[in-house]
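# Architecture and fold: a report
Spelled out from the first residue to the last, the chains are:
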Amino acid sequence: MTRSAKPKRLGFFTRLLDDAPAADRYRFAAEQIVHAEKAGLDSAWIAQHHFHEREGGLPSPFTFLGYVAAQTSRIRLGTGIVTLPLENAVRVAENAAVLDLLCNGRFELGVGTGGNPSAFVAFGLDSAQRNEIFARNLEIVRTALVGKPLDGGDTLYPLRPQLDKRIWQATFSVAGGARAGKAGDGLLLSRTQPRAKEVPKATLAEIQNPIIDAYLAALPPGCEPRIMASRSVFVADDHREAMRLADIGLRRALPQFLKGGHAMPGGTLEEMITAFDTHVGAADEVIASLRSDATLERVTDLVFQVHSVDAPHPYVLRSIELVADKVAPALGWTRTAPEVALAG
């Protein structure tokens with residue numbers, strides 16, 4: 001099944017990995033999201049990670065997005081993702097409902113099974129049971145959001161049933177795509193995935209298109225698809241500067257990359273860029289690189305992140321501008337929000 005969706009929305013994503021102390025990471029990420037709103041982007045997404053600051057710098061996504069909501073007025077704010085097995089499901093529903101009220105209905109709830117195995121131990125849980133815990137917790141979140149009685153008879157306050165239609169599921173698998181589709185949820189696709197040993201040279205599109213196929217096949221009739229592809233995108237004003245920063249960032253990220261199950265790339269920068277599924281360079285180069293990704297012809301949302309280049313904060317701000325002004329329009333994105341003059 002190939003049911004196609006035109007890219008409609010453009011987003012910015014961060015795992016809060018700036019090379020800085022925690023307080024600066026949070027300040028930089030907030031500034032980047034405010035900058036994205038001024039550039040006309042449609043959404044901004046943040047990831048939750050516990051304990052491992054080199055994987056992600058934010059254990060409390062609702063707190064952070066409440067802080068960002070107070071500094072923005074239009075851009076949609078999403079979790080990509082809440083690690084649902086490590087959370088109390090009723091508290092997730094409560095936090096999501098309060099946040100959605102405070103930001104005037106701009107919140108998108110992305111959830112997934114993720115999490116480092118050692119984090120499960122710290123929370124008194126078994127990582128091997130993450131899928132079962134995820135399914136159980138997601139059902140409780142839905143029950144709470146739509147106002148059905150919870151165990152004991154209580155119902156959620158404040159009630160926010162519309163959030164049930166703004167749940168997204170992240171997955172690496174075809175089965176996960178079918179699960180998200182059957183539920184009528186959005187589908188979150190990652191910026192990179194480890195390649196199976198039998199197909200070490202597979203493109204990201206070759207891995208993710210079957211997930212999209214399964215999602216669309218399982219989607220209930222009349223339910224509009226929501227398919228988001230996250231991509232590693234870093235744009236600089238010139239090729240040399242982009243490559244200089246990419247070389248620094250990708251080599252710094254290599255140990256974590258290998259820990260995530262990826263194969264060891266070759267030693268050249270070009271081989272590392274390919275292995276990391278990174279789109280990097282001046283605007284024209286990045287446009288050409290993204291056009292070669294067949295997945296992007298089928299998504300409703302393209303969300304870009306600077307990981308694993310992780311350039312210094314001023315370069316991230318500039319990359320956001322260049323994506324909004326040059327790269328995304330060339331891929332078919334149309335700015336629907338008024339652009340605000342950006343301080344140079």
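Refer to the structure above for everything that follows.
Description of the structure in this document. What you are looking at is a predicted structure, and each value in this text was computed from that prediction instead of being measured.

Reading guide: rules and limits
Residues numbered from 1 in each chain as written. Predicted model: local features only at pLDDT ≥ 70, side-chain atom pairs only at ≥ 80, totals over all residues. Heavy atoms only, no water. Phe/Tyr/Trp six-rings, centres within 6.5 Å; stacked < 30°, edge-to-face > 60°. Helix = DSSP H or I, 4+ residues; strand = E, 2+ residues; numbered from the N terminus. Buried < 20%, exposed > 50% of the residue type's maximum accessible area, 1.4 Å probe, protein only. Pairing = 2+ DSSP bridges. Right-handed = clockwise from strand over helix to strand, strands pointing away. Core = buried A, V, L, I, M, F, W, Y, C linked by side-chain atoms within 4.5 Å. Contact = heavy atoms within 4.5 Å. Polar contact = N/O pair within 3.5 Å; in protein donor to acceptor, adjacent residues only side chain to side chain. Axes fitted to C-alpha atoms, helices over the stretch in contact; angles between N-to-C directions. Left-handed = near helix turned anticlockwise from the far one by under 90°. Nonpolar A, V, L, I, M, F, W, Y, C, P; charged D, E, K, R; others polar. Salt bridge = Lys/Arg side-chain N within 4 Å of Asp/Glu carboxyl O.

## Considering the packing of aromatic side chains
Enumeration according to the criterion identifies seven aromatic pairs in this entry. Summarising the aromatic geometry, the rings of phenylalanine 257 and phenylalanine 276 are spaced 4.0 Å apart at their centres and angled 20 degrees between planes, so their arrangement reads as stacked. Residue phenylalanine 257 is found in helix α8 (residues 239-259), and its partner phenylalanine 276 is found in the loop between α9 (269-275) and β9 (278-281); the two are separated by 19 residues along the sequence. Each of the two residues, phenylalanine 257 as well as phenylalanine 276, counts as buried.

## As for the pairing of strand β2 (residues 43-46)
Side chains Ser43 and Trp45 project from β2 onto one buried face, and the interleaved Ala44 and Ile46 project onto a second face that is buried too. Here strand β1 (residues 9-14) runs beside β2; their pairing, made up of four bridges, is parallel. Bridge pairing in β2 places threonine 14 opposite isoleucine 46. For the handedness criterion, the β-α-β arrangement of β1, helix α1 (residues 22-38) and β2 is classed as right-handed. Strand direction decides the pairing type here: β2 and strand β3 (residues 76-79), joined by four bridges, are parallel. Across the sheet, the residue bridging to isoleucine 46 is threonine 79, located in β3.

## Overview of the nonpolar core
Among the nonpolar cores identified, the biggest contains 87 residues, and Ile33, Leu41, Phe64, Phe107 and Leu109 are the most heavily contacted of them. For this core, the element with the most residues is α8, which contributes eight residues. Beyond its immediate stretch of four places on either side in the chain, isoleucine 33 contacts Phe12, Ala44, Ile46, Phe64, Val68, Thr72, Ile75 and Leu77. One finds Ile81, Trp168, Leu188 and Val303 within the second-largest nonpolar core, a separate group that totals eight residues.

## A look at the environment of alanine 283
Note on placement: alanine 283 falls in helix α10 (residues 283-291). Alanine 283 gets classed as buried once you look at its relative accessible area, which sits at 10%. Remark: the alpha-carbon pair of alanine 283 and arginine 251, spanning 32 residues in sequence, is separated by 23 Å.

## With respect to the side chain of serine 319
When you line up the elements, serine 319 lands in helix α11 (residues 313-330). There is a polar contact of 3.0 Å between the side chain of serine 319 and the backbone nitrogen of valine 235. In contact with serine 319, not counting residues within four places along its chain, are Val233, Phe234 and Val235.

## A look at the packing of α10 against α11
Helix-helix packing is characterised by the crossing angle of the two axes and by the distance between the axes. Axis separation between α10 and α11 bottoms out at 9 Å; the angle between their running directions is 35 degrees. Pair α10 / α11 crosses with right-handed handedness. Residues Ala283, Val286, Ile287, Leu290 and Arg291 of α10 touch α11, and the partners they reach there are Lys326, Val327 and Ala330. Of the residues that constitute the contact of α10 with α11, the class distribution is six nonpolar, no polar and two charged.

## Side note on the pattern of salt bridges
Applying the stated criterion across every chain, the model contains 18 salt bridges. Here aspartate 301 ties to arginine 9 by a salt bridge, and the two come within 2.7 Å at their closest N and O atoms. With a gap of 292 residues between them, aspartate 301 in strand β10 (residues 301-305) and arginine 9 in strand β1 connect regions that are remote in the sequence. Judged by its relative accessible area of 4%, aspartate 301 falls in the buried class. For the salt bridge of arginine 142 with aspartate 185, the shortest nitrogen-to-oxygen distance reads 2.3 Å. Taken as a pair, arginine 142 in helix α5 (residues 130-145) and aspartate 185 in the loop between α6 (174-183) and β7 (186-189) lie far apart in primary sequence, 43 residues in all. We note that arginine 142, like aspartate 185, is buried.

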